[in-house]
Amino acid sequence: VSTVRVVDDDEKPMPVGVGGCTFRGNSADYSGGAMNAEGALSVTNTLFAENVAAIQGGAICAGSSDPDWAGAKVELRAETVFRGNSAKNSIDDDRYWTSGGAVAVAGNGYALEVSGRHVVFEGNRVESVTTSYGGAIAAAEGTSVDVSCAAFLALPVNASEYTVTVSLRWLYTR
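Summarised in this report is the structure supplied together with it. Just so it is clear, the structure is predicted and the values come from calculations on it, not from any experiment. (Residues numbered from 1 in each chain as written. Predicted model: local features only at pLDDT ≥ 70, side-chain atom pairs only at ≥ 80, totals over all residues. Heavy atoms only, no water.)

Moving on: the pairing of strand β6 (residues 41-44). Side chains Leu41 and Val43 of β6 all project onto a buried face; the interleaved residues Ser42 and Thr44 project onto a face where none is buried. Here strand β2 (residues 16-19) runs beside β6; their pairing, made up of 4 bridges, is parallel. Bridging from a neighbouring strand, Gly17 pairs with Ser42 of β6. Where β6 meets strand β10 (residues 73-76), 3 bridges bridge the pair, whose relative direction is parallel. Along β10, the bridge assignment pairs Val43 with Leu76. (Buried < 20%, exposed > 50% of the residue type's maximum accessible area, 1.4 Å probe, protein only. Helix = DSSP H or I, 4+ residues; strand = E, 2+ residues; numbered from the N terminus. Pairing = 2+ DSSP bridges.)

Further remarks concern the sheet that holds strand β8 (residues 52-53). The sheet built from 4 strands is open, its strands ordered β4-β8-β12-β17 with parallel pairing. Edge positions in the sheet fall to β4 (27-28) and β17 (125-128), since each of these pairs with one other strand and no more. Pairing geometry for strand β12 (residues 86-89) and β17, over 4 bridges, is parallel. Within the sheet, the bridge partner assigned to Lys88 lies in β17 and is Glu127.

Here the focus is the side chain of Ser115. Here Ser115 lies in the loop between β15 (111-114) and β16 (120-122). Its relative accessible area of 14% is what places Ser115 among the buried residues. Within the local environment of Ser115, its side chain forms a polar contact with the side chain of Arg77, the two groups lying 2.3 Å apart. Other than its neighbours up to four places away in sequence, Ser115 contacts Leu76, Arg77, Ala78, Ser148 and Cys149. (Polar contact = N/O pair within 3.5 Å; in protein donor to acceptor, adjacent residues only side chain to side chain. Contact = heavy atoms within 4.5 Å.)

One pass over the full model with this rule turns up 3 aromatic pairs. Their ring planes at 5 degrees and their centres at 5.0 Å tell us that Phe23 and Phe48 sit as a pair that is stacked. With Phe23 in strand β3 (residues 22-24) and Phe48 in strand β7 (residues 47-49), this pair connects stretches of sequence that are 25 residues apart. One exposure class covers both Phe23 and Phe48, and it is buried. With a centroid separation of 4.9 Å and an interplanar angle of 5 degrees, the aromatic rings of Phe48 and Phe82 are classed as stacked. Taken together, the positions of Phe48 in strand β7 and Phe82 in strand β11 (residues 81-83) put the pair 34 residues apart, joining distant regions of the chain. For the pair Phe48 and Phe82, one class covers both residues: buried. Of the aromatic side chains, those joined through ring pairs into one cluster are Phe23, Phe48, Phe82 and Phe121. (Phe/Tyr/Trp six-rings, centres within 6.5 Å; stacked < 30°, edge-to-face > 60°.)

For the structure shown, the criterion picks out 6 salt bridges. Of the charged contacts, one joins Arg83 and Glu122 as a salt bridge, the two residues approaching to 3.1 Å between their closest N and O atoms. In this pair, Arg83 is assigned in strand β11 and Glu122 in strand β16, connecting sequence segments 39 residues apart. Its relative accessible area of 38% is what places Arg83 among the partly exposed residues. A salt bridge links Arg125 to Glu127; the shortest N-O distance between them is 2.7 Å. With relative accessibility at 34%, the residue Glu127 sits in the partly exposed group. (Salt bridge = Lys/Arg side-chain N within 4 Å of Asp/Glu carboxyl O.)

Below, the structure is given as structure tokens:
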């Protein structure tokens, strides 16, 4: 897993678009099992399946404390499917909240927009020995969230208290 950070010749942030891809079976030691995005990200017609992050964003973690990236938008568009992704934390330490089985978005003015036909979250989960949030989506304090068209299916029993969690106190990002 790598961090997606695209800049122009002046080191100014540029948006990243992903379409027609499959991200399956990836893992990360901390965040973003398939993708750790810093800056604007648009995803269309893409499958994220069976990806695992140790703390947050089983498939995607988006966010940055860098002020140049503040206010970036993460767009999840038509035909994008998140299936069986997970954030799993075995660290017995309350400083590390487990969040976003499929997607975790940090604050810093970020925006998450989920819209379009057939955006599906199916069987994503968070597992933790301490605190966990957002079986499908977790959005930190300072993140605006607009979910106008999405299906949330086959949520495992006791996998997370909430499917979508908004306004968490984001304790640690890197």
